[in-house]
Amino acid sequence: MAELILGPVVESITGHLLSLVSQEIGLARGVKVELQKLQSTVSAIAALLCEAERRQVQAADLKDWLKKLEDVLYDAEDLLDDFSTEVLRRRGVVGGGNRILNEVGFFLSSSNQLVYADKMAHRVKDIRERIDAISNDRVRFQLAESSNLVSLVENRVTRETYPYEPQPYVIGRDTDKKEVIEFLLNPDFEESVSVLPIVGFGGLGKTTLARLVFNNDSVKEYFELKLWVCVSTNFDVKDILGKIVGECIASLNMNELRNLLGEELDRKDDMMKMSRDHILEKVLAKLTNMNELQRKLGEVLDGKKFLLVLDDVWNENRREWLNLESFLQNSAKGSKILVTTRSPLVAKTMTGRSHKLSGLAEDESFSLLMRMAMKQEHEWRNENLESTAKEILKKCAGVPLAITTIGRLLLFSRNTEEDWLKFKNNDLSRINQEEGDIMPSLKLSYNFLPSHLKRCFSYCSLFPKDCKLEKRELIHLWMAQGYIKPLSNRQTIEEVGQDYFMELLSRSFFQDVEEDLYGSIVSCKMHDLMHDLAQSVSGNDCNTIDSSNVKTFPEGTRHVSIVAAGDYKWNGFHRDGKVRSLLFIGGKLEIENGYLDVSGFTNLRALRLRSANVLKISSSIGKLKHLRSLDLSFNDGLRYLPNSISKLCNLETLNLGECWCLKRLPRGITKLVNLRQLIVSGCWSLRHMPRGIEKLTSLQTLDVFVVGEDPDAARLNELSRLTGLRSKELTIQGLHRVGSTSSEVDASFSIERLWPNPDLKGLSIIFYGGVMFLSWVSQLHRLVQIEIIDCDNCSHLPPLDQLPFLKKVSLQSTWSLESIELWESSGQEDKESGMPQSNNNFFPSLEEIELMDLPKFRGWERRTSTRIEREADDHSSSSSSSSSSSSLLMLHTFSDKVKVSIKGCPGFSYAHGQKLRQMGLTVTSIKLAEQLLRDASLSQDPTPVLTVAPIPPSRGTMTVSFKSLSTLTYILFSGMKDAEDLPVKLFRSLPSLQSLVIRHCHRLKALPVRAILRYLPSLEILEISSCKELDLSMDEDSHDGVGEGMPNLQSGEPTKLQELEFQAIPKMKTLPWWIQHLTNLEELRILFCSNLKALPEWFPNLTSLKQLEVFRCGKELKRRCRRNTGEDWAKICHIQYVDVRN
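As a convention, each chain's residues are numbered from 1 in the sequence order in which they are written. Per-residue local features are limited, in this predicted model, to residues with pLDDT of at least 70; the limit for side-chain atom pairs, both in listing and counting, is 80 or more; totals at the level of whole chains, interfaces and linings are taken over all residues. Each side-chain value is worked out from all heavy atoms of the structure, with water and hydrogens disregarded.

### Describing the overall build of the chain
Phase 1 of the analysis: Only DSSP runs of H or I covering at least 4 residues are called helices, and only runs of E covering at least 2 are called strands; the numbering of each starts at the N terminus. Each helix and strand in the chain was counted, giving 34 helices and 43 strands.
Phase 2 of the analysis: Classification of residues uses two cut-offs on accessible area relative to the type maximum, computed with a 1.4 Å probe and protein chains only: under 20% is buried, over 50% is exposed, and between them is partly exposed. When burial is assessed residue by residue, the chain has 54% of its 1142 residues classed as buried.
Phase 3 of the analysis: Put simply, 65% of the contacts in the chain that link residues at least 6 apart link residues at least 24 apart.
Phase 4 of the analysis: In short, Shrake-Rupley with a 1.4 Å probe defines the accessible areas, and a residue's cover is counted only from the protein chains shown. For the chain, the accessible surface area stands at approximately 51,800 Å², while carbon and sulfur atoms represent 47% of it. Whether two residues are in contact is decided by their heavy atoms: any pair within 4.5 Å suffices.

In structure tokens:
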């Protein structure tokens, strides 16, 4: 049943009212009076909410009362947010959050504004009267006002657990049982009492595992005293100690009990007549204070080796735990405490070790379900239940309690195939369950959350099951809804949101986290059962739509997600002023006509339209005055944003990532001084940042800054004024434009002065035009990733190998780069040869290095004193060659753990471990290809590596052994101006080749396809682009010069080829015939092939094809591939992902 969390809504309303009422803003015509009355009313109703929310679970009529109250409170919040925004708009100045600046009384002075004020007063009065009417109903529920406005975590009555309950259906816990018992029987711990928490969310079987261990024969023999205490939500040390003492005393025999009580009895006969329970009761009654408890506990534990199980612990207060632990130290060494808890945080308050319990394996889950449903093997086979059962088990994800719940419910139904199908098609949250079943068990975890986390968790139900949840996006969406409330100015709202996320993760509401290169969590998933729980508690407040036929939302819906499994064409919904979130998630969404107009959703706080084929946005978007989060990422046809976006004065997050065609940001964006996140990575057409961007002083995240030449472009010095930036990464693009206008100082000097924060972890430098590279790069000792692209004038880079945390290095398309300097201590000279040798300090943390299209790169160098002297005196153009001759080039060995990718670096070779890995080669002329063949045929070198010394600048080719060619995994034929065809013999020497790329070979007329597919058995990727004379539509037999002996592709010989790309092949009028025989082809991309008009009849034969992309191949082909109506649609409808556009 849906949960109503109204406390935070009341806090939001109160915050608005305090801002409006407390400041001298000259509110006219009774507006201030009405606001003050509303303030009193809201304060009174707030005092009822703690009691009402505590009782709502058990009272349906109270639930209805709260629902009415919820509606009017949300309306009040909308009204006040509307009013606050209007004040800010009319003034033209916006403060942070909901703060309203002083002295705005003048905005109500004109006649039109007086009309607005009068209207506002009536609206406030109407809201107040509605709240009063609902409030007066409270007498029916006997709700008393309370001064305690803090959300309460209730001490609900929970089920007591016992150590000796039978466990008839335990499957798949043998390994866990063995590991825990090994811990318990291990005497080799320094501490007297060792602790092991068993951690996992509700229903995994933590208590069951503890019972199995507790009752194990070896454990019974090892410990003198075994105690079991069910703690639950109320962690009271005195109460727990009382239970422990009670357990100890209960294990005594009658004589020992009588001895404990004897001194209190006057007559021995009375003592002999008392029953065991009576004596036990009297003994425990004596222990009325902590001193008595401590004394008695010391007596019963003195010198004994004990095992204590604390079941179902929720306490996260380390001080409370240490207090309890201190009373348990008077025991023998080797004593153990076994704890069961749902929270890793609880475990961390006790110890650094834990046993994490996971779900059951698929076969174990299946076996448990059939046992619970009492289905023998011959029964479930005869009734065709196996596939249905496996689908049901996917919902359970290995959680034993979920499986036993369903098995029990199936057993008490008719237990037929029809019943099993019903369970398959329903979420667990929609199935009636008893106390002790899975959903009530999970609900306990939810009930224990503070109210602000309850709202954050239930909001996650908008995302589909198994969806990857981006942490950053979740936090921004929570911010947009006002769910995140900083308690002080010491933390930003994003940092508080990070704390919220981590707390939900620590309580097992999230799982399967992924980290970035910096070790920060970037995404997670929700367990299917947790998703069911989120849907259950959110009710109609959060609603998911999966059909384009839906035009309206269920009553009470405030947050909507559209989850499209396939193509989804959206042409709008009916106007709905209550909806606060509209999120498009998954599938292939397409906005009708590419024109976005959402002005009917006047109360939207969050709008997410990723990859929605948005081409143009209506200027009416400026009416969405409440909008805080706008996500338009991956709309690669979007060129401009309307300037009316500047009216969105509450906007906090603007995500335009991967909008490839976006040319500029609107000038008015600089008015959005509440903007905190501006994401423009992947906007490759963006020419500059707008002038005045320095005004966005609230910005916390700016991932890309584009330097421009336009007079309206922001200058680089504006970036230095954005002092609030906290991005881990910042990419500066267009550095070659610095200094291109008279207002800029010397380019190199400007950028050299742009010394970033020393804690910077990621750095990308693109299009830097300086000759000397930035010296400060070597001083960024926290750097984890560096990317240098298209810095054409740099011939040398400063040392990077000494940076202790550097994990990834990417150098691309830096055409003049010859070498990278080594840190002074990186190499020592060999005593015999005098040549430098590497040591373990060479890139100590490196995980990945990528070198692409560096035609002059020769390797790492350690400068000699001769070179340093020359550099001081020589500034001529010959300095490069002189320095090369006076430096010592080193071939460093990368370990096997480092992922090495090298493409287009003909002058560089390296050792990876002790053998060649992922070697790439660029061939730029037919003569070079022939040289490779001659060297391979003449060489007798048995080693599987290329030449171990870098190639001298005077040489234009490489000496290669046959075996070194045989290890190549990548080869690029690029810019071959002298080749009309490719040498077939070369392909016979490349058995390990995985990627073949042919680019800019303008005279190439034919392709030896049969040779490629025959002699390259490992080939997985084939790319052919920008070959203007190549006609792939023709049969190759007359061109390839192969003659006889080539295999017949129609014979069905297998090929590994999985990815195929054609780009800018103007003579290709039809797709090559041989594609139909690529039985493993999964991805086909066709770009800029303007003469391709239709797809061939054999195209449906590509049954393995999963992805088809056709981009800018003309209107005719796009028309023919149109969904359901195009002539070629039937040929491609079997493909999972189809993207055809111009």
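### Some details on a positive patch on the surface
Phase 1 of the analysis: Patch construction takes residues with relative accessible area above 30% that form no salt bridge. Like charges are linked within 9 Å, and nonpolar side chains (Val, Leu, Ile, Met, Phe, Trp, Tyr) are linked within 5 Å. In the sections that follow, a salt bridge refers to a side-chain nitrogen of Lys or Arg positioned within 4 Å of a carboxyl oxygen of Asp or Glu. Under the convention used here, Asp and Glu are negative, Lys and Arg are positive, and both His and the chain ends fall outside the count. Charge positions come from single atoms, namely NZ of Lys, CZ of Arg, CG of Asp or CD of Glu. A surface patch of positive charge is lined by Arg639, Lys663, Arg687 and Arg1112.
Phase 2 of the analysis: Within the secondary structure, arginine 687 is located in the loop between β19 (677-679) and β20 (701-702).
Phase 3 of the analysis: Given a relative accessible area of 47%, arginine 687 falls into the partly exposed group.

### Notes on the sheet that holds strand β4 (residues 335-341)
Within a sheet, each strand pairs with its neighbour through backbone hydrogen bonds, oriented either parallel or antiparallel.
Phase 1 of the analysis: One open sheet holds the five strands; their spatial order is β2-β3-β4-β1-β5, and the pairing between them is parallel. Unpaired on one side and paired on the other, β2 (225-232) and β5 (355-356) mark the two borders of the sheet.
Phase 2 of the analysis: To obtain each axis, a line is fitted to C-alpha atoms, and for helices this fit is confined to the stretch in contact; angles are then taken between N-to-C directions over 0 to 180 degrees. Running over the sheet, helix α5 (residues 174-184) touches β1 (193-199), β3 (306-313), β4 and β5 and is turned about 165° from β1. Any two strands are treated as partners once DSSP identifies two or more bridges connecting them.

### Remarks on the layout of surface pockets
One simple way to see leftover space: roll a probe sized like a water molecule over the atoms.
Phase 1 of the analysis: Buried and open spaces are told apart on a 1 Å grid over the protein atoms alone, a cavity being a set of points where a 1.4 Å probe fits but cannot get out and a pocket being an open set with protein on both sides within 12 Å along at least five of seven lines. Residues with an atom within 4 Å of a point are the lining residues. Grid points are joined across faces, edges and corners, and a volume is the space filled by probe spheres set on the points. The calculated volume of the second largest pocket comes to roughly 1,400 Å³.
Phase 2 of the analysis: Forming the walls of the second largest pocket are 39 residues, and the residues nearest its centre are Arg472, Asp516, Val522, Thr701 and Lys728.
Phase 3 of the analysis: The greatest single-element share of the lining of the second largest pocket, amounting to four residues, is contributed by helix α22 (residues 471-480).
Phase 4 of the analysis: Per-class residue counts for the lining of the second largest pocket are nine nonpolar, 17 polar and 13 charged. All amino acids are sorted into three groups, where Ala, Val, Leu, Ile, Met, Phe, Trp, Tyr, Cys and Pro are nonpolar, Asp, Glu, Lys and Arg are charged, and the leftover types, Gly among them, are polar.

### Observations regarding the pattern of salt bridges
Phase 1 of the analysis: Applying the stated rule across the entire model yields 41 salt bridges.
Phase 2 of the analysis: Where glutamate 503 meets arginine 507, a salt bridge forms, and the shortest distance between an N and an O atom there is 3.0 Å.
Phase 3 of the analysis: Among the residues examined, glutamate 503 registers a relative accessible area of 23% and is labelled partly exposed.
Phase 4 of the analysis: For lysine 1131, the salt bridge is made with aspartate 1128, and the minimal N-O distance between the two is 2.9 Å.
Phase 5 of the analysis: We classify lysine 1131 as buried; its relative accessible area is 8%.
Phase 6 of the analysis: A single network of salt bridges, built from pairs that share partners, joins Glu77, Asp78, Asp81, Arg580, Arg605 and Arg628.

### Some words on helix α19 (residues 417-425)
Phase 1 of the analysis: Here α19 has its buried residues at Asp419, Trp420 and Phe423. All buried residues of α19 fall inside an arc of 100° around its axis, so they share one side. The directions considered for the arc run from the helix axis to the C-beta atoms.

### Structural notes on the environment of aspartate 499
Phase 1 of the analysis: The residue aspartate 499 is located in helix α23 (residues 493-506) in this model.
Phase 2 of the analysis: A relative accessible area of 37% places aspartate 499 in the partly exposed class.
Phase 3 of the analysis: It is 10.0 Å that separates the C-alpha atoms of aspartate 499 and isoleucine 484, two residues lying 15 residues apart in sequence.
Phase 4 of the analysis: Within the structure, aspartate 499 has its side chain in polar contact with the side chain of glutamine 491 (distance 2.9 Å). The term polar contact refers here to a pair of N or O atoms within 3.5 Å; inside protein, the definition further demands a hydrogen-donor-capable atom paired with an acceptor-capable atom, and it admits residues adjacent in sequence only when both atoms are side-chain atoms.

### A few points about the pairing of β3
Phase 1 of the analysis: Buried residues dominate β3, accounting for eight of its eight residues.
Phase 2 of the analysis: The sheet contact formed by β2 and β3 spans seven bridges and is parallel. Bridged to tryptophan 228 within β3 is valine 309.
Phase 3 of the analysis: In this structure, β3 lies alongside β4, joined through five bridges in parallel fashion. Bridge pairing in β4 places leucine 307 opposite lysine 336.
Phase 4 of the analysis: Viewed along the sheet, the connection from β3 through helix α13 (residues 318-326) into β4 turns out right-handed. Crossovers are marked right-handed if the path from the first strand over the helix to the second runs clockwise, as seen with the strands pointing away from the viewer.

### Structural notes on the state of the cysteines
Phase 1 of the analysis: For this text, the term disulfide refers to a pair of cysteine sulfurs within 2.5 Å. For the structure shown, the criterion picks out zero disulfides.
Phase 2 of the analysis: The structure places no disulfide on cysteine 794, whose sulfur is separated from the nearest cysteine sulfur, that of cysteine 791, by 5.5 Å.

### What about the environment of valine 496?
Phase 1 of the analysis: Relative to the helices and strands, valine 496 resides in helix α23.
Phase 2 of the analysis: Separated by 21 residues in sequence, valine 496 and isoleucine 475 place their C-alpha atoms 9.1 Å apart.
Phase 3 of the analysis: Each residue touching valine 496, except ones within four places of it in the same chain, is listed here: Ile484, Lys485, Pro486 and Gln491.

### Considerations on the nonpolar core
Phase 1 of the analysis: Think of a nonpolar core as a cluster: buried Ala, Val, Leu, Ile, Met, Phe, Trp, Tyr and Cys residues, connected wherever their side-chain atoms sit within 4.5 Å. Counting 91 residues, the largest nonpolar core has Leu678, Met689 and Phe773 as its most contacted members.
Phase 2 of the analysis: Examining the composition of this core, we find that three residues originate from one element, strand β21 (residues 704-706), more than from any other.
Phase 3 of the analysis: Those residues in contact with methionine 689, other than ones at most four positions away along the chain, are Leu665, Leu678, Leu702, Val704, Phe705, Val706, Asp712, Ala713 and Ala714.
Phase 4 of the analysis: The next biggest cluster of nonpolar side chains, apart from the first, holds 85 residues, and it includes Leu204, Leu357, Phe463 and Leu583.

### Topic: the packing of aromatic side chains
Phase 1 of the analysis: For this analysis, a ring pair means two rings from Phe, Tyr or Trp (six-membered ring only for Trp) whose centres lie within 6.5 Å, classed as stacked if their planes differ by under 30 degrees, edge-to-face if by over 60, and tilted for the remaining angles. For the coordinates displayed, the defined rule picks out 16 aromatic pairs.
Phase 2 of the analysis: Pairing tyrosine 768 with phenylalanine 773 gives two aromatic rings, centres 5.7 Å apart and planes at 90°, and the pair type is edge-to-face.
Phase 3 of the analysis: Ring plane angle 80° and centroid distance 5.8 Å describe the contact between phenylalanine 857 and tryptophan 860, whose orientation is recorded as edge-to-face.
Phase 4 of the analysis: Using a relative accessible area of 2% as the deciding quantity, one classes tryptophan 860 as buried.
Phase 5 of the analysis: Taken together, Phe842, Phe843, Phe857 and Trp860 form an aromatic cluster joined through their ring pairs.
Phase 6 of the analysis: Stacked on the ring of phenylalanine 183, the Lys or Arg lysine 336 has its end atom at 5.8 Å from the ring centre. Two limits define a charge over a ring: the Lys NZ or Arg CZ must be within 6 Å of the ring centre, and within 35 degrees of the ring normal.

### Some points on the environment of leucine 806
Phase 1 of the analysis: Mapped onto the fold, leucine 806 is located in the loop between β25 (796-797) and β26 (808-812).
Phase 2 of the analysis: Residues leucine 806 and leucine 780, spaced 26 residues apart in sequence, show a C-alpha to C-alpha distance of 9.7 Å.
Phase 3 of the analysis: If we skip the residues at most four places from it in the chain, leucine 806 touches Leu783, Val784, Gln785, Ile786, Leu800, Phe843, Ser845 and Leu846.

### Quick notes on the packing of α5 against helix α6 (residues 206-214)
Phase 1 of the analysis: Viewed as axis vectors pointing N to C, α5 and α6 meet at an angle of 55°, and their least axial separation amounts to 10 Å. With respect to α6, the axis of α5 lies oblique. Considering how the two elements wind past one another, α5 and α6 form a crossing that is right-handed. Between α5, through Asp176, Lys177, Val180, Ile181 and Leu184, and α6, the contact on the second element is made entirely by Leu209, Leu212 and Val213. Note on angle classes: values under 35 degrees are labelled roughly parallel, values over 145 roughly antiparallel, values of 65 to 115 roughly perpendicular, and the remainder oblique. In a left-handed crossing the near helix is turned counterclockwise from the far helix by less than a right angle, and in a right-handed crossing that turn is clockwise.

### Observations regarding unusual backbone geometry
Phase 1 of the analysis: Positive phi values are uncommon outside glycine, yet aspartate 466 reaches one of about 65°.
Phase 2 of the analysis: By the secondary structure assignment, aspartate 466 is in the loop between α21 (451-459) and β6 (469-470).
Phase 3 of the analysis: For aspartate 466, a relative accessible area of 53% corresponds to the exposed category.
Phase 4 of the analysis: Residues other than glycine seldom take positive phi values, yet arginine 1112 does so here, at roughly 55°.
Phase 5 of the analysis: Mapped onto the fold, arginine 1112 is located in the loop between β42 (1107-1111) and α33 (1115-1120).
Phase 6 of the analysis: The class of arginine 1112 is partly exposed, set by a relative accessible area of 34%.

### Examining the sheet that holds strand β8 (residues 521-525)
Phase 1 of the analysis: Pairing within the open sheet is antiparallel, and its three strands lie in the order β6-β8-β7. The two strands at the open ends of the sheet, each matched to only one other strand, are β6 and β7 (511-515).
Phase 2 of the analysis: Contacting β7 and β8, α23 crosses the sheet at an angle of about 45° to β8.

### Structural notes on the confidence of the model for the chain
Phase 1 of the analysis: Per-residue pLDDT for the chain averages 76, and the proportion of residues at 70 or more is 73%.
Phase 2 of the analysis: Confidence scores here are pLDDT values: one per residue, from the predictor, ranging 0 to 100. A low-confidence stretch, residues 829-838 (pLDDT under 50), is modelled with 21 contacts involving residues beyond four sequence positions or located in other chains.

### A closer look at the packing of helix α15 (residues 362-372) against helix α17 (residues 386-396)
Phase 1 of the analysis: It is at 10 Å that the axes of α15 and α17 come closest, and there the two elements cross at 110°. By the angle between their directions, the pair α15 and α17 is classed as roughly perpendicular. Along its contact with α15, which presents Glu362, Ser365, Phe366, Leu369 and Met370, the element α17 presents Glu386, Ala389, Lys390 and Leu393.
Phase 2 of the analysis: Of the residues belonging to the contact of α15 with α17, the class tally is five nonpolar, one polar and three charged.

### Notes on α15
Phase 1 of the analysis: If you check which residues of α15 are buried, you get Ser365, Phe366, Leu368, Leu369, Met370 and Met372.
Phase 2 of the analysis: Buried residues belonging to α15 abut α16 (377-382), α17, α18 (400-411) and α19.
Phase 3 of the analysis: Directly after α15, the chain includes methionine 374, whose backbone phi takes a positive value near 55°.

### Regarding the side chain of histidine 355
Phase 1 of the analysis: Along the polypeptide, histidine 355 turns up in strand β5.
Phase 2 of the analysis: According to the relative accessible area criterion, histidine 355 is buried, its value standing at 8%.
Phase 3 of the analysis: There is a polar contact of 2.8 Å between the side chain of histidine 355 and the side chain of aspartate 176.
Phase 4 of the analysis: Excluding its chain neighbours within four sequence positions, the residues that come into contact with histidine 355 are Asp176, Glu179, Val180, Leu196, Pro197, Ile198, Val199 and Leu209.

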